[in-house]
Amino acid sequence: MRHKKLINQGKTLRMGFVFLGLVFFLIISSFVSKLIGVARLSVFDGEHRFTVLLQEVLDKEKNTLISFAPDTKSISVLTVGGVDNANVHKISLILGVPIDGFVVFSSLQNKKNVNSGSYIQSFLRQGALQQDILQTNLTFFDFARLWFFTRSISDYEIVYDSYSISLSTDALSDAVLDKLAGELFMDDTLSKEKMSIHIVNASGVTGLGNRIARLFTNSGGNVIAVSTGENILSKSEVGYTGKDSYTLKRVIKLLDCKAKILKNQAISDIVITVGIDKAGQFAL
């Protein structure tokens, strides 16, 4: 009788261990699944230039662009004054710089040694811990990877500059600002590919094509022509010849639209036709 009781207890223990193991497996699986989901939302590829807009609610006049370039092992920092309460799209157009990520803090915890790698690491650490963040499109993995990259960069490989803007409309034709943007934010891969880009403004909004061209030119893109479409189109289009390229991926990301292979011969490798649907996105 006692032997039978011990056998039953042993079976019960084994069942208990199996149940606990199953629960543990489900918890781990759920955690791993969530990590994979967050990783897929990551926007930093770890290989090409990635520019982040840093804003603080307590200092609305100050906007800081921090640009990480893994391909050239460098970081560029530009502090911009005179642009108040502007969102990421407006600041991108004013400066003529494509912005990949943004972080809006209620307050920055460390404001010492602004011109140093430790300051950049501090804001990335604060972002990874989700401390005082109001808005961002970066994931934990983005903050962590950018932090590790910054750790590998010496202070002498970080370039700092500042610029003050009087009027947003004047900035669009500011040659000094465009030169500065080209020096700080040139995408090395984009520049080396030399894929030709033709922009057709079919939105009916004057100057829209030139605004988009400026974003690519300041990044090292090869914009060979900007023209006005014969007809106004409701939807933007991106066409290309040849193979897929990094330049094409940047175009698709900026315009947020699909690309198709051009059947007819074009004067450029990539043709961007801007329709009415993008008028709001690229309007000041």
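Structure report, in brief. The model shown is predicted, which means the values in this text are computed figures rather than measured ones.

Overview of the nonpolar core
In globular proteins that are soluble, nonpolar side chains generally tend to be buried together. Grouped together as the largest cluster of nonpolar side chains are 23 residues, with contacts concentrated most on Phe68, Ile75, Val103, Ile120 and Phe123. A total of five residues in this core trace back to one element, the largest contributor, which is helix 3 (residues 117-128). Setting aside residues no more than four positions away along its own chain, Val103 makes contact with Val52, Leu53, Leu54, Gln55, Phe123, Ile133, Gln135, Thr136, Leu138 and Phe143. Membership of the second largest hydrophobic core comes to 20 residues, among which are Ala86, Leu95, Tyr163 and Ala181.

Considerations on the sheet that holds strand 8 (residues 222-228)
Across the sheet, which stays open at both edges, the five strands sit in the order 8-7-11-9-10 with mixed pairing between neighbours. Strands with a single pairing partner mark the edges of an open sheet, and in this sheet they are strand 8 and strand 10 (259-261). Shown here is a sheet whose adjacent strand axes are inclined to one another by a mean of 20°, direction ignored. One ladder, built from four bridges, connects strand 9 (residues 237-240) with strand 11 (residues 270-274); its direction is antiparallel. Paired with Val238 across the two strands is Ile272, which belongs to strand 11. Here helix 9 (residues 246-255) sits on the sheet in contact with strand 7 (196-201), strand 9, strand 10 and strand 11, set at roughly 10° to strand 11.

Looking at the pattern of salt bridges
Applying the stated criterion across every chain, the model contains four salt bridges. Of the charged contacts, one joins Asp100 and Arg250 as a salt bridge, the two residues approaching to 2.9 Å between their closest N and O atoms. Here Asp100 is found in the loop between helix 2 (88-95) and strand 4 (101-105), whereas its partner Arg250 is found in helix 9, with 150 residues between them in sequence. The same class applies to Asp100 and to Arg250, which are both buried. Across the pair Lys253 and Asp100 runs a salt bridge whose closest N-O atoms are separated by 3.2 Å. With Lys253 in helix 9 and Asp100 in the loop between helix 2 and strand 4, this pair connects stretches of sequence that are 153 residues apart. For Asp100, a relative accessible area of 9% puts it in the buried group. Linked by salt bridges that have partners in common, Asp100, Arg250 and Lys253 make up one network.

Thresholds, definitions, all that
- Residues numbered from 1 in each chain as written.
- Predicted model: local features only at pLDDT ≥ 70, side-chain atom pairs only at ≥ 80, totals over all residues.
- Heavy atoms only, no water.
- Core = buried A, V, L, I, M, F, W, Y, C linked by side-chain atoms within 4.5 Å.
- Buried < 20%, exposed > 50% of the residue type's maximum accessible area, 1.4 Å probe, protein only.
- Helix = DSSP H or I, 4+ residues; strand = E, 2+ residues; numbered from the N terminus.
- Contact = heavy atoms within 4.5 Å.
- Pairing = 2+ DSSP bridges.
- Axes fitted to C-alpha atoms, helices over the stretch in contact; angles between N-to-C directions.
- Salt bridge = Lys/Arg side-chain N within 4 Å of Asp/Glu carboxyl O.

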